[in-house]
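# Structural description and commentary
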Amino acid sequence: MPPQSGPLKVTDELERRIRKPVDLLRCVITAIEIIVLAVAAVAASATTTGIETDIVGASKRLPHALLVLAPPLAFFALLVIPVALAARELTRRRFRRLAEALATGLLAAAVAAVANAALRHAVAARLYDAIIMSRPNAGHASALDPYLAGLVAYTTIIGLSGRPGWRNSLWLAIGVYGLVHLAAADTTGLSFLITLLVGRAIGLGVRYAAGSTSLRPGAAEIAAALTAVDAQVTEIDRIWPAPKTPKSPKTPGSSSTPASAGSRRYAATTSDGARLDVTVYDRDQQAAGAVYRLYRSLLLRGQVSRGAPMSTDRTVERRALLSYAAEDAGAPTPRLRAVVRVGPEATVLAYEHHDGTTLAARNPGCTDAELRSIWDAVNLLHAHRVTHRSLTADRILLTDDGGVMLLDPGDGDVAASDLQIRLDLAQLIAELALVVGPQRSADLALEKAGADELVAVVPLLQRVALARPTRAALRRRRDVLPAVRKQLLAAVPGSEVTPARLERIRFRSLITLVATIAAVYLLAGELARVSLGNVLRAADWHWSAIALALSALTYVAAAVSLSGFVADRLPFFRTLLAQLAGSFITLVTPAAVGGATLNIRYLQRRKIPAPVATASVGVSQVVAFVLHILLLVVFVALAGAVAKQPFSPPDWSYFVLIGLVVVAGVVLALPAGRRLLRARVAPAVGQVLPRLLQVAQQPRKLAEGVGGALLLSFAYIGCLAACVQAFHGKVAIASIAVVYLTGSALGSIIPTPGGLGAVETALTAGLVAAGLHGTEAASAVLLFRLLTFWLPVPFGWAALSFLERNGAL
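Each value, and the rule that gives it
- Residues numbered from 1 in each chain as written.
- Predicted model: local features only at pLDDT ≥ 70, side-chain atom pairs only at ≥ 80, totals over all residues.
- Heavy atoms only, no water.
- Helix = DSSP H or I, 4+ residues; strand = E, 2+ residues; numbered from the N terminus.
- Buried < 20%, exposed > 50% of the residue type's maximum accessible area, 1.4 Å probe, protein only.
- Contact = heavy atoms within 4.5 Å.
- Core = buried A, V, L, I, M, F, W, Y, C linked by side-chain atoms within 4.5 Å.
- Pairing = 2+ DSSP bridges.
- Axes fitted to C-alpha atoms, helices over the stretch in contact; angles between N-to-C directions.
- Expected span 1.5 Å × (residues − 1).
- Arc of directions from axis to C-beta.
- Polar contact = N/O pair within 3.5 Å; in protein donor to acceptor, adjacent residues only side chain to side chain.
- Left-handed = near helix turned anticlockwise from the far one by under 90°.
- Salt bridge = Lys/Arg side-chain N within 4 Å of Asp/Glu carboxyl O.

With that settled, the discussion passes to the overall build of the protein. The helix and strand tally for the protein stands at 31 helices and 11 strands. Taken over 809 residues, the protein has a buried fraction of 45%. Once local pairs closer than 6 in sequence are excluded, the contacts in the protein between residues at least 24 apart make up 77%.

What follows is the structure, given as structure tokens:
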């Protein structure tokens, strides 16, 4: 094509406001800091009090003149600085930013005031006392300073970065303000710090949600920067991410750079007719995905996780290095034509454009020759110790001239180790298995890598080691990875390879650790409210023994119920241990979630297919729910018939019911809510209904499952009744049944570990409404929770450990 010149043709549309991931990251970190300070205040009150005493003592040793002059100067500065900032915004005609800052400041002040009111309630008394380091006659103190929180949120929205004079003046005034109040004992160090963090968290959260004014360079500026270092750019067009539809072919004018790379993409044409794929890395998008990358780096061993730089400069440098390394290796990757900075806010990478179709779009029309070319390209990279590490179907381009291009190798490694190369091969094998099937993928791997090399690759064929899009696809197609592993194992020597340990810490180990900490903390909290020793001494040991036996019976009933809804025969002892292990898992999961997940895992380890295991557990939960509702209706009718005084639930239960009805109404009224409901319910119904019909055709199994579920409910009701009798309470069994069934339902709905808080409150209020004295009701509920929730925990941990050691979980 002959050279062309003329005016620049631009097709672009810049976003007026953008959300900065760094704002969200800072907001999350600030929220974590608030939680850490609150926990430290409660758990280490003696230490924080000592630090507070030292700070106050040091402040009182300051010169008297300074203590006299500092307060009015600090108050004046804290009043003048926001006014001066507002005037500055008005002169620069930033009316929207000023309005957002004022609204955010008022919001932060209101949140601080509401938090002060909430902390004065008895439920939060321990935290309130820890924050204000409560002393006699100090109960009137506010935990947070609304004005200070509002000021910090206000200045966070306006933004003081790049303005050191304003920033230093503000923090100097805040520091003096805090020091003065500490010296006067009007506040505490914890209160002061938490107030600042609350204001900052709200400011950052609002700034992320509302977005910030975009300072990104436009297409004309990008074209000018490229022209200065390369050929003249005559046309540049913005390319928007295409919707994720299968088999969307790549058109000649589209970019061959994956949509996941960079903040923006452009297609450019130079004066000599060459076409460029331009990727822009905007500074406002640095730290994007940082939380996820941090999670992966903590979860996985060093060379398995693919760390990425936080700043855009380091990201561009790494991608440029990988592009040059791939080009030097002779691998077919788009050549990097230019790396150029566009102002202070963006850096641009320009690659040569290649027409073609991605592997994802060609599926299933790929020939064996094309697949061999892909393997040859990857082997060429590996021969020079360079890896790609993101070999997904949308990053493999089949060009129109019959060649192959590996797009965007920027996530890879230079001077790669053997492990990193094998991880790259595992990614390629898994991705090709998704595209062309496990059989063809395994055959190609054996042809190109050989059985000896695959002996070391097969142990790495684990979902956790693969690229994020590949993991998402394998979650939908769970049969692919086991199938390709089976095909490879049939050809490698030994025919059996143990999966490699790629995680630093197993998820189940982490759950065990968190559960242990949660158990100790929550048990300490409950024992702090009621004296366990007094409760046990006051309880009638005969009835306590009966309650303990009934509590143990619940696990037998749960095992019988689960066995009834599974077609295969389950060993009773191990099934019983699985139900007991669920008592430990519920320490860190909602009551209705942890046990179901554990049961599904247990059934899968019994060689029951995942869909059948999920359906069986789903059927057991559906039947238990229906029986729960039926029993509640029956016992409500019986309670009303036998009670001398009509049994009425506590007032708060009506508000809970109204709230649930309102939430359900809103979800059903909104189209998005109905779509979400259909997406969640339809697959479950599709799995549960056929299994329910199968169980209905087996009367013995149906009787076993339904009988176990009924026995479970009656055992819990009997246990609560025995606990009431242990304190000489006189409540009809029908009323106790209503109280238990209602409290259990609330505990399943409210997402707290094991229903903690919700169950105790509901049971105590219900027993009081049924005529039991408040102290007796609290003691009976504490004994009930001790026998059914806390006492099984160590046995549940032992059962969980036993099942894990024996491969049953």
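Next, the rest of the story.
Here we come to the nonpolar core. Judged by nonpolar contacts, the single largest core of 53 residues is most densely connected at Leu359 and Ile429. If you tally residues by element for this core, the top one is helix α14 (residues 418-436), at 11 residues. In contact with Ile429, not counting residues within four places along its chain, are Trp375, Ser441, Ala445, Leu454, Val457, Leu461, Val484 and Leu488. Core analysis: the next-biggest nonpolar cluster, separate from the first, contains 35 residues, Ala547, Val738, Leu767 and Phe784 among them.

With that settled, consider the sheet that holds strand β6 (residues 275-282). The 6 strands are arranged β1-β4-β5-β6-β8-β7 in an open sheet whose pairing can be described as mixed. Each of the sheet's edge strands pairs with one partner strand only, and the pair in question is β1 (9-11) and β7 (336-342). Taking each pair of neighbouring strands and ignoring which way they run, the sheet shows an average axis angle of 20°. Against the sheet, helix α9 (residues 219-229) engages β1, β4 (233-239), β5 (264-270), β6, β7 and β8 (346-352), with an angle of about 125° to β7. Most of the contacts of helix α11 (residues 312-328) go to β7, to which it runs at about 170°, and overall it touches β6, β7 and β8.

By the secondary structure assignment, Ile733 is in helix α28 (residues 733-749). Between the C-alpha atoms of Ile733 and Gly718, which are 15 residues apart in sequence, the distance is 8.3 Å. Apart from the residues lying within four places of it in its own chain, the contact partners of Ile733 are Ile717 and Ala721.

Glancing now at helix α22 (residues 572-585). Taking 1.5 Å per residue, 14 residues should reach 20 Å; α22 reaches 20 Å between its end C-alpha atoms and fits that length. Taken across its 14 residues, α22 has 10 buried, putting it largely inside the fold. Buried within α22 we find Thr575, Leu577, Ala578, Gln579, Leu580, Ala581, Gly582, Ser583, Phe584 and Ile585.

Within the sequence span of helix α15 (residues 438-448), burial applies to Ser441, Ala442, Leu444 and Ala445. Looking straight down α15, one finds its buried side chains confined to an arc of 165°; they lie on one side. Against α13 (368-383), α14, α16 (451-457) and α18 (480-489) lie the buried residues of α15. Within two residues after α15, Gly450 carries a phi angle of roughly 90°, on the positive side.

A word on unusual backbone geometry. As a rule of thumb, non-glycine residues mostly have phi less than zero, and peptide bonds are mostly trans rather than cis. Although it is not a glycine, Arg385 sits at a positive phi angle of roughly 60°. Considering the arrangement of structural elements, one finds Arg385 in the loop between α13 and β10 (396-399). Residues other than glycine seldom take positive phi values, yet Ala415 does so here, at roughly 55°. Considering the arrangement of structural elements, one finds Ala415 in the loop between β11 (404-406) and α14.

Turning next to the side chain of His382. Following the sequence through the fold, His382 ends up in helix α13. Within the structure, His382 has its side chain in polar contact with the side chain of Asp424 (distance 2.8 Å). The contact partners of His382, leaving out residues within four places of it in the chain, are Thr387, Ile421, Asp424 and Leu425.

So, on to the packing of α22 against helix α23 (residues 594-605). Where α22 contacts α23, the two axes come as close as 9 Å, and the packing angle between them is 145°. The element α22 and its partner α23 pack so that their crossing is right-handed. Counted together, Arg574, Thr575, Ala578, Gln579, Ala581, Gly582 and Ile585 of α22 and Gly594, Leu598, Asn599 and Tyr602 of α23 form the full contact between these two elements.

Here we take up the pattern of salt bridges. Under the definition given, this model contains 27 salt bridges. The partner of Arg341 in a salt bridge is Asp313, with the nearest N and O atoms 3.4 Å apart. You can see Arg341 sitting in strand β7 and its partner Asp313 sitting in helix α11, a full 28 residues away along the chain. Residue classification places Asp313 among the partly exposed positions, given a relative accessible area of 28%. A salt bridge links Arg389 to Asp413; the shortest N-O distance between them is 3.0 Å. Pair noted here: Arg389 is in the loop between α13 and β10 and Asp413 is in the loop between β11 and α14, with a separation of 24 residues, a long-range link. A single burial state applies to Arg389 and to Asp413, both of which are buried.

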